[in-house]
Amino acid sequence: MSKPVSPEAADSRPRLLVLASTYPRWRDDHEPSFVHELSRRLVGRFDVTVLCPHAAGALPRECMDGVHIFRYRYAPARWERLVNDGGIIGNLRHHPWTALLLPTFLLAQLWGLRRLLRAVRPNVIHAHWILPQALMVALLQMVGVRTPPTLVTSHGADLFALRGRLATCIKRLTMHRMQASSVVSRAMRGPMLALGADPDLLGVAPMGVDLQHHFTPDALTPRARYELLFVGRLVEKKGLPHLLNALPRVLQRHPETVLSIAGFGPELAACQHQVERLGLKAHVRFLGALPQDALPDLYRRSSMLVTPFVQARSGDQEGLGLVMVEALGCGCPVVTTRLPAIRELQDGHWPPYLAEPGDPVSLAAQINALLDDPASGKAWVAQLRPSLLERFDHAAVATGYAQQLSRLVTSSADSK
């Protein structure tokens, strides 16, 4: 938890404005919380304010863990469906009507940013995602609004999807106006440089996982022998349909196997129909979206986490896949697929249980190999955990981002 900040310290902290689309709507929300987890760990160094979209049931304004959160309205609450339960790209694909929300979503974000620049007077901005957050900063600059130095962090979807000529041109224009940038894996560095990022100001910095207190092993929790686990949004790039197609081959060898699916998203109904069509209802459990506090117990008891990532038709793919780090932190082995960012898991090397993306036969073979020899998986996880602590634990990640943001504040002050 963040340490309390005295009024004297608060007065001296630089003011940080964080821009994000994906953000918890309330405490213990099942939406990805990585932006908030980083933001709250920067409170000791910065006075942190977050601008993010509103959603039904969320407060327009609140303070959570020392972070001041402002949520902009872009439609009546019951229609604010563009961002949550699948992400912007997933919702646009599966619910085309949400495209009607884009103009008000962008205008409301732009207006909210302009208001907070006046009210908060930030010393530095951290924009998560090139589109649309960093673009909003660039647009204000184009009309003569003075903005503080900005760090933009790409998480994957903004970099790999939206690859048309117009979208690429907009991303290049945006990157030209950023003072620094970062990506969450080394596999993203090349595509980011192709958009015009300054190589001297481009960092590789993942989001963090609480590997010291939350996602930890528990020797008292027995690990199931034949329980597979999938955790994630039910969208194309997560690859759940390929895992379901692989499951009959796993059952031929290990008929006791069951699969638990923790997640929610626009592909839920299609996946449920696929389970029925394949005759897998006795072997598959849909758990729905779960809060972060429920995940460690799942990781600790499951035989393995399976992350069958693929490149989506839009070009979108995983920038890193923190669920794998969470699982490994709890001692749970991982079967995954051969996508560039996966090498980040083992510091530049391919992990041992690796299938070809979109190939159910290859995926089933890797799952069966781990079920055949769980001791080897256990040994691999134990050997990898110290490296994960060094690279992915919140303490190390927050320190790295704090240093990068502080350099921007200092360089801006020196130039005045």
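Residues numbered from 1 in each chain as written. Predicted model: local features only at pLDDT ≥ 70, side-chain atom pairs only at ≥ 80, totals over all residues. Heavy atoms only, no water.

Concerning the packing of aromatic side chains
For the structure on display, the rule yields five aromatic pairs. Taking the centre distance of 6.0 Å and the plane angle of 55° together, the rings of Phe-34 and Trp-129 count as tilted. Placement of Phe-34 in helix H2 (residues 34-40) and of Trp-129 in the loop between strand S5 (124-128) and helix H5 (130-142) is noted, with a sequence separation of 95 residues between them. Ring geometry for Tyr-353 versus Trp-380: centroids 5.9 Å apart, planes at 65°, classification edge-to-face. In this pair, Tyr-353 is assigned in the loop between strand S13 (334-337) and strand S14 (354-355) and Trp-380 in helix H14 (residues 374-392), connecting sequence segments 27 residues apart. For Tyr-353, a relative accessible area of 10% translates into the label buried. (Phe/Tyr/Trp six-rings, centres within 6.5 Å; stacked < 30°, edge-to-face > 60°. Helix = DSSP H or I, 4+ residues; strand = E, 2+ residues; numbered from the N terminus. Buried < 20%, exposed > 50% of the residue type's maximum accessible area, 1.4 Å probe, protein only.)

Concerning the pairing of strand S10 (residues 258-262)
The buried fraction of S10 amounts to four of the five residues, a majority that puts the element mostly inside the structure. Pairing of strand S9 (residues 227-231) with S10 involves five bridges; the strand directions are parallel. The residue of S10 that forms the bridge with Glu-227 is Val-258. Regarding the hand of the β-α-β motif, the stretch spanning S9, helix H9 (residues 240-253) and S10 is right-handed. Relative to strand S11 (residues 284-288), S10 runs parallel, the two being bridged by four bridges. (Pairing = 2+ DSSP bridges. Right-handed = clockwise from strand over helix to strand, strands pointing away.)

Regarding the packing of H5 against helix H7 (residues 165-176)
Helix packing for two helices is described by the angle between their axes and how far apart those axes are. It is the contact of H5 with H7, at a shortest axis distance of 9 Å, that shows an interaxial angle of 60°. As the angle between them shows, H5 and H7 are arranged oblique. In this structure, H5 meets H7 at a crossing whose hand is left-handed. Taking contact as the criterion, the partners of Ile-130, Leu-131, Ala-134, Leu-135, Ala-138 and Met-142 in H5 are, on H7, Ile-170, Lys-171, Leu-173, Thr-174 and Met-175. When the residues that make up the contact of H5 with H7 are grouped by side-chain class, the tally is nine nonpolar, one polar and one charged. (Axes fitted to C-alpha atoms, helices over the stretch in contact; angles between N-to-C directions. Parallel < 35°, antiparallel > 145°, perpendicular 65-115°, else oblique. Left-handed = near helix turned anticlockwise from the far one by under 90°. Contact = heavy atoms within 4.5 Å. Nonpolar A, V, L, I, M, F, W, Y, C, P; charged D, E, K, R; others polar.)

Digging into the sheet that holds strand S12 (residues 304-306)
Strand order in this open sheet of six strands is S11-S10-S9-S12-S13-S14, and the pairing throughout is parallel. Lying at the two open borders of the sheet, with one neighbouring strand each, are S11 and S14. Of the strand pairs in this sheet, S13 and S14 are connected by two bridges, and their pairing is parallel. Following the sheet pairing, Thr-336 is matched in S14 by Leu-354.

As for the sheet that holds strand S6 (residues 150-154)
Here we have eight strands laid out as an open sheet, ordered S3-S4-S2-S1-S5-S6-S7-S8, and mixed in their pairing. Two strands close off the open sheet at either side, each with one partner strand: strand S3 (61-64) and strand S8 (202-204). In this sheet, neighbouring strand axes are inclined to one another by 20° on average, regardless of whether the strands run parallel or antiparallel. With four bridges joining them, S5 and S6 adopt parallel strand pairing. Following the sheet pairing, His-128 is matched in S6 by Thr-153. Packing against the sheet, helix H4 (residues 102-120) makes contact with strand S1 (15-19), strand S2 (47-53), strand S4 (67-72) and S5, and its axis sits at approximately 160° to S2.

Quick word on the nonpolar core
Counting 123 residues, the largest nonpolar core has Tyr-299, Leu-305 and Ile-367 as its most contacted members. Here Leu-305 is in contact with Leu-229, Phe-230, Val-231, Tyr-299, Val-323, Met-324, Ala-327, Cys-332, Pro-333, Val-334 and Val-335, once residues within four sequence places are set aside. (Core = buried A, V, L, I, M, F, W, Y, C linked by side-chain atoms within 4.5 Å.)

Here we look at empty space enclosed by the protein
Using the criterion set out here, one finds one cavity of 30 Å³ or more in the structure. For the largest cavity, the calculated volume is near 50 Å³. If you go around the largest cavity, the residues you meet are Ser-21, Tyr-23, Pro-24, Arg-25, Cys-52, Pro-53, Ala-55, Arg-71, Val-83 and Asn-84. (1 Å grid on protein atoms, 1.4 Å probe; cavity = no way out; pocket = protein on both sides within 12 Å on 5 of 7 lines; lining within 4 Å. Points joined across faces, edges and corners; volume = space filled by probe spheres on them.)

What to know about H4
The terminal C-alpha atoms of H4 lie 26 Å apart, and with 19 residues this matches the ideal 27 Å at 1.5 Å per residue to within 8%. Burial in H4 covers these residues: Phe-105, Ala-108, Gln-109, Gly-112, Leu-113, Leu-116, Leu-117 and Val-120. In this structure, the buried residues of H4 make contact with S1, S2, S4, helix H3 (87-94), S5 and H5. (Expected span 1.5 Å × (residues − 1).)

Topic: H7
Its 12 residues place the ends of H7 17 Å apart at the C-alpha level, agreeing with the 16 Å of an ideal helix rising 1.5 Å per residue. Turning to H7, its buried residues are Ala-167, Lys-171, Thr-174 and Met-175. Buried residues in H7, looked at end-on, bunch into an arc of 95°, giving them a common side. Residues of H7 that are exposed and point over 90 degrees away from its buried face: Arg-165, Leu-166 and His-176. Tucked inside the fold, the buried residues of H7 contact H5, S6, helix H6 (157-160), strand S7 (180-183) and helix H8 (189-194). (Arc of directions from axis to C-beta.)

Re the environment of Leu-201
Summarising the element assignment, Leu-201 is placed in the loop between H8 and S8. Each C-alpha atom of the pair Leu-201 and Met-178 lies 9.8 Å from the other, and the pair is 23 residues apart in sequence.

Some words on the confidence of the model for the protein chain
With 97% of its residues at a pLDDT of 70 or more, the protein chain has an overall mean of 94. Per-residue pLDDT stays below 50 along residues 5-10; that stretch engages in three contacts with residues further than four places along the chain or on separate chains. (pLDDT = per-residue confidence, 0-100.)

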